[in-house]
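Residue-level listing of the chains:
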Amino acid sequence: NKDEQHDVVRESRESRCNLRLPSGTILYSMRSTVHRRISTREASSQSITTDEGGEQQELNLDHLVVRRKLHYQITRDEGLDSTWWGTTWKTLGSFFLTLLLLGPFLHASYQQYHQQQQQQHSPLSSETPIVPSDDVITVLDFLIKADLLSCASTNLLHLNTTYSQMYLDIKLERKSMCRDHAGTKRCRCHNPTIPNRRNVGANKGTWSNESWRAAFERNKEMAASSFLGEDQQQLDVVFLGDSITEMWQGTAMNNEIKQAKEVPAFWNELFLQDNHRALQLGIAGDLSNNLLYRLQNGELPETLNPTAWWILIGTNDYVDNCARNAILVGIMAILDEVLRHNKSAATARVVLNTLLPRGKDKNLLDSNMWQDFMWINDQLECLAQSLPEQLSFFNGTSLFLTNDGKHQVNHTLMYDYLHPSLEGYKVWGSAILEKLKDIGVWKSTMI
């Protein structure tokens, strides 16, 4: 119907485009500036060239019925300079040309900024002095002193680093905290120097946030009432740790467990005799940053000043796929917190217990986990040897291995290849008591 309006032609003030179209398509004439609608009646005098069967044909627009729009090729004598896409390509070309010219300068500027940031934070920088924040000043003083001694420098030569640099690298998250050989397991390792309240996941049940809070409140109460009787007798030793420490009480996350029901009786016999006293502050499943949170939020009251501290933490950090240097730094953070609390009692000793063996491996020497544990234990021993006036090292590893030279966990002493059985606690506890006697903490002649 000729009276019906169709958008069939767009005119240009300057010129028209020649359209090369297959037959049966919507026909448009493109212009570079002003567009207006015209009807087929207005366009009766217009004509357009199409390509059908390889021949050029001129069609009268009065008899054209618009059906569909297909892709078409536009040719224009004046080229693309006056079209909108020509302008777009010009703009993009200018942008990429500018980026190409300025790229080397921007890259050099970024490298210079990055180097300045590294020098600012690096403890080995000679141009920029280290000015650590108050929350790391104690441990850095302590670790820098250890770096200057022979054991630390010799043991860490193959790492090309120092204890103080390692601590800052992890604290400032300049190095990855996840171990490389974790396989397909997801890394859940968090910064071990940042206190973290435990989130078990479930709200109720044996292993739940409710159970963890109950265990935490129990520990705070025991720490606050650390003096017994009118004479306010001082504690000889306080044990800090995870489930291996908590099970001295026969519990795991404040729930009684049958595998450890007889352990508390042995604890009382061993550590609460001859006017001696000991306290255990452990919660099953805790990581080093969970223990750090507990120490900073109630488990280290001012009245808690024992003659010695016994630290065993880190095995659960490995389960979260933490790298060995991150686990070591987590132990350093606990050590830092204890040393800070210990300022008023400079004679108190801190004993670093080795990470105990775990797993059903037929030969632990073939285990990546055990290789990492042995490395961590070597560094703990080195730290203790570097600062013998403050630290002592306790090697509990060999106590839980078989005696046949196969480097296997002794199932008799560790009922689940991780936690000590009653026999395991007897072996470990007796060795602990001997160590306390050696460093002058325990004066008793019993056991």
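Our structure's up above, just so we're on the same page.
Here, residues in each chain are numbered from 1, in the same order as that chain's written sequence. Confidence filtering applies because this is a predicted model: local features only for residues at pLDDT of at least 70, side-chain atom pairs given and counted only at 80 or more, and all residues used for totals across whole chains, interfaces and linings. Where side-chain values are given, they derive from all heavy atoms of the structure, hydrogens and water being excluded.

## Some words on the packing of helix 5 (residues 209-224) against helix 8 (residues 288-299)
Geometrically, a packed helix pair is captured by the angle between its two axes and the distance between the axes. Quick reminder of the rule: Helix axes are fitted to C-alpha atoms over the stretch in contact, other axes to C-alpha atoms as well, and angles between N-to-C directions run from 0 to 180 degrees. Helix numbers and strand numbers start at the N terminus; a helix is a DSSP run of H or I with at least 4 residues, a strand a run of E with at least 2. Every angle not falling under 35 degrees, over 145, or within 65 to 115 is termed oblique; those three ranges are roughly parallel, roughly antiparallel and roughly perpendicular. Handedness of a helix crossing follows the sense of rotation of the near helix relative to the far helix, less than a right angle counterclockwise being left-handed and clockwise being right-handed. Two residues qualify as a contact provided that any one of their heavy atoms is within 4.5 Å of a heavy atom in the partner residue. Three categories are distinguished: nonpolar for Ala, Val, Leu, Ile, Met, Phe, Trp, Tyr, Cys and Pro, charged for Asp, Glu, Lys and Arg, and polar for the others, with Gly belonging to the last.
Following both chains from N to C, one finds helix 5 and helix 8 inclined at 50°, their axes separated by 10 Å at the closest point. When the interaxial angle is binned, helix 5 and helix 8 end up oblique. Here the hand of the crossing between helix 5 and helix 8 comes out right-handed. Residues Trp212, Phe216, Asn219, Lys220 and Ala223 of helix 5 form the contact with helix 8, whose participating residues are Tyr293, Arg294, Asn297, Gly298 and Glu299. Among the residues forming the contact of helix 5 with helix 8, the class breakdown is four nonpolar, three polar and three charged.

## Description of the pattern of salt bridges
Counted only if it meets this: Any Lys or Arg side-chain nitrogen found within 4 Å of a carboxyl oxygen on Asp or Glu counts as a salt bridge. Buried residues are those whose accessible area, probed at 1.4 Å on protein chains only, stays under 20% of the maximum for their type, while exposed residues exceed 50% and partly exposed ones sit between those limits.
Scanning the entire structure with this criterion turns up eleven salt bridges. The residue Asp169 makes a salt bridge to Lys175 at a minimum N-O spacing of 3.5 Å. Residue classification places Asp169 among the buried positions, given a relative accessible area of 6%. What makes Lys175 partly exposed here is its relative accessible area of 45%. One salt bridge connects Arg218 with Glu246, and the closest N-O pair in it is separated by 3.3 Å.

## Focus on the packing of aromatic side chains
As a reminder of what qualifies: Stacked, tilted and edge-to-face pairs are distinguished by plane angle, under 30 degrees for stacked and over 60 for edge-to-face with tilted covering the rest, among Phe, Tyr and Trp rings (Trp via its six-membered ring) whose centres lie within 6.5 Å.
A complete count under the given rule lists 17 aromatic pairs for this structure. Look at Phe239 and Phe271: their rings are 5.5 Å apart centre to centre, the planes differ by 65°, and that puts the pair in the edge-to-face class. With a gap of 32 residues between them, Phe239 in strand 5 (residues 237-241) and Phe271 in helix 7 (residues 263-271) connect regions that are remote in the sequence. A single burial state applies to Phe239 and to Phe271, both of which are buried.

## Some points on the sheet that holds strand 11 (residues 391-394)
Rule in force here: At least two bridges found by DSSP between two strands are what make those strands a pair.
As summarised here, the arrangement of the five strands in space is 8-5-9-10-11, forming an open sheet in which the pairing is parallel. Sheet topology places strand 8 (278-282) and strand 11 at the edges, where each strand pairs with a single neighbour. For this sheet, the mean inter-axis angle between neighbouring strands, taken without regard to orientation, is 20°. Judged from the four bridges that link them, strand 9 (residues 308-312) and strand 10 (residues 349-353) form a sheet pairing that is parallel. Across the sheet, Trp309 pairs through a bridge with Val350, a residue of strand 10. Against the sheet, helix 7 makes contact with strand 5 and strand 8, and its axis sits at roughly 140° relative to strand 8, the strand it touches most. Against the sheet, helix 10 (residues 324-341) touches strand 5, strand 9, strand 10 and strand 11, its axis set at about 165° to strand 9.

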